[in-house]
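Chain by chain, the residues:
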Amino acid sequence: MDADTRKIPSHEVTYARLRDMILFGHLAPGAPVTIQGLIADLGAGMTPVREAIRRLTAEGALLPQGNRRVAVPELSAEMLEQVAFARLAIEPKLAELAAPRLTEAQIDRLEAIDGAVNRAIEAGKLPDYLAANHAFHFALYEAAEAPVLLDLARSLWLRAGPSLRAVIDRYGREAAPDLHREALAAMRAGDAQALARAIREDIQQGVDHVRQALAEGH
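Described in the following lines is the structure provided in the data block. (Residues numbered from 1 in each chain as written. Predicted model: local features only at pLDDT ≥ 70, side-chain atom pairs only at ≥ 80, totals over all residues. Heavy atoms only, no water.)

## Re the overall build of the protein
Then step 1. When you go through the protein residue by residue, the secondary structure sums to 10 helices and 3 strands.
Then step 2. The secondary structure elements of the protein, listed N-terminal to C-terminal, are α-α-β-α-α-β-β-α-α-α-α-α-α.
Then step 3. Relative to the compact-globule value of 17 Å for 218 residues, the protein shows a C-alpha radius of gyration of 18 Å, a close match.
Then step 4. Principal axes of the C-alpha set define a box for the protein whose edges measure 55 × 55 × 35 Å.
Then step 5. For the protein, contacts bridging at least 24 residues in sequence account for 73% of all contacts bridging at least 6.
Then step 6. If you sum the accessible surface of the protein, you get close to 11100 Å²; carbon and sulfur atoms cover 53% of it. (Helix = DSSP H or I, 4+ residues; strand = E, 2+ residues; numbered from the N terminus. Rg over C-alpha atoms; globule rule 2.2 N^0.38 Å. Contact = heavy atoms within 4.5 Å. Areas by Shrake-Rupley, 256 points an atom, 1.4 Å probe, with all protein chains shown as cover.)

Structure below.
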């Protein structure tokens, strides 16, 4: 197989980059952006950008606004409760399934990613924190070898990520959920239930901060 056949198609690259812009809060919830603006930001053509928008709209991560604009949906209190319910059901189960499959090398990698999470929090680098936090969770979840649950978790993060960014922006780094130390200890001990519990509490911490922000009208 030559290099050209291994190359990732441009529409997939554009989709992944726009998805990351949403996930890591580069697009503020409720603030419309033009399709032309996205084309410029992504350095991509009209066709792959439109395809990425179509896919992300179908996933509930973008809303068409008319006049060639789209926006990341604002998370209502009702939607937060649905997302929280689903995340608390699916992600601890992924962690539980991953526990017996994790190798020492995978745990070492997760520990290294958590180091990046901690450095980003200490430095106050919010985009780096969000990216490293996402990398930690999905490196763990991918080890579960449960593709249906993994796809559901990815979709839920697209709905939750932008609001978490906004909340940490407002309340500071103490609002950043991070119970990864407990999760790593459970991985080292081979304790699937303790790992599921740590992930559940990590998610709950983030949900509670978003719920507080919504209650205060932010």
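## What about the sheet that holds strand β1 (residues 33-34)?
Then step 1. Here we have 3 strands laid out as an open sheet, ordered β1-β3-β2, and antiparallel in their pairing. The strands lining the two open edges of the sheet, one partner per strand, are β1 and β2 (63-66).
Then step 2. In this sheet, strand β3 (residues 69-71) lies alongside β2 in antiparallel orientation, the contact comprising 3 bridges. Paired with Leu63 across the bridge in β3 is Ala71. (Pairing = 2+ DSSP bridges.)

## A look at the environment of Ala192
Then step 1. Within the secondary structure, Ala192 is located in helix α10 (residues 192-215).
Then step 2. Each C-alpha atom, one on Ala192 and one on Glu96, is 4.8 Å from the other, the two residues being 96 residues apart in sequence.
Then step 3. Here Ala192 is in contact with Glu96 and Ala99, once residues within four sequence places are set aside.

## So, the packing of helix α2 (residues 10-23) against helix α3 (residues 35-42)
Then step 1. Contact geometry of α2 with α3 gives a least axis separation of 11 Å together with a crossing angle of 105 degrees. In terms of orientation, α2 lies roughly perpendicular with respect to α3. Residues Thr14, Arg17, Leu18 and Met21 of α2 form the contact with α3, whose own contacting residues are Leu38, Asp41 and Leu42.
Then step 2. Each residue belonging to the contact of α2 with α3 can be placed in one class, and the counts come to 4 nonpolar, 1 polar and 2 charged. (Axes fitted to C-alpha atoms, helices over the stretch in contact; angles between N-to-C directions. Parallel < 35°, antiparallel > 145°, perpendicular 65-115°, else oblique. Nonpolar A, V, L, I, M, F, W, Y, C, P; charged D, E, K, R; others polar.)

## Focus: the nonpolar core
Then step 1. Ranked by size, the top nonpolar core spans 70 residues in total, and within it Leu18, Ile22, Leu38, Leu140, Met187 and Leu195 carry the most contacts.
Then step 2. Excluding its chain neighbours within four sequence positions, the residues that come into contact with Leu18 are Leu27, Leu38, Leu42, Ala52, Ile53, Leu56 and Leu62. (Core = buried A, V, L, I, M, F, W, Y, C linked by side-chain atoms within 4.5 Å. Buried < 20%, exposed > 50% of the residue type's maximum accessible area, 1.4 Å probe, protein only.)

## Concerning the packing of aromatic side chains
The geometry of an aromatic ring pair is captured by two quantities: the separation of the ring centres and the angle between the planes.
Then step 1. Tallying each qualifying case throughout the model produces 2 aromatic pairs.
Then step 2. A ring pair is formed by Phe138 and Tyr141, whose centres lie 5.3 Å apart and whose planes are at 75 degrees; its orientation type is edge-to-face. Placement of both Phe138 and Tyr141 in helix α7 (residues 126-142) is noted, with a separation of 3 residues, approximately one turn of the helix. Each member of the pair Phe138 and Tyr141 is classed as buried.
Then step 3. By way of ring pairs, the aromatic residues Phe138, Tyr141 and Trp157 are connected into one cluster.
Then step 4. Seen from the ring of Tyr15, Arg55 lies directly overhead, with NZ or CZ sitting 3.8 Å from the centre. (Phe/Tyr/Trp six-rings, centres within 6.5 Å; stacked < 30°, edge-to-face > 60°. Lys NZ or Arg CZ within 6 Å of the ring centre and 35° of its normal.)

## A closer look at unusual backbone geometry
Then step 1. With a phi angle near 55 degrees, Asn67 is a residue other than glycine that sits in the positive phi range.
Then step 2. On the secondary structure map, Asn67 appears in the loop between β2 and β3.
Then step 3. Phi angles above zero are rare outside glycine, and Arg68 is one such case at about 60 degrees.
Then step 4. For Arg68, the position within the fold is in the loop between β2 and β3.

## Side note on the packing of α3 against helix α4 (residues 46-58)
The geometry of a pair of packed helices is captured by two quantities: the angle between their axes and the separation between those axes.
Then step 1. Contact geometry of α3 with α4 gives a least axis separation of 10 Å together with a crossing angle of 110 degrees. Comparing their axes, α4 and α3 come out roughly perpendicular. For α3 against α4, the interelement crossing comes out right-handed. Across the interface between the two elements, Ile35, Gln36, Leu38, Ile39 and Leu42 of α3 pack against Met46, Val49, Arg50 and Ile53 of α4. (Left-handed = near helix turned anticlockwise from the far one by under 90°.)

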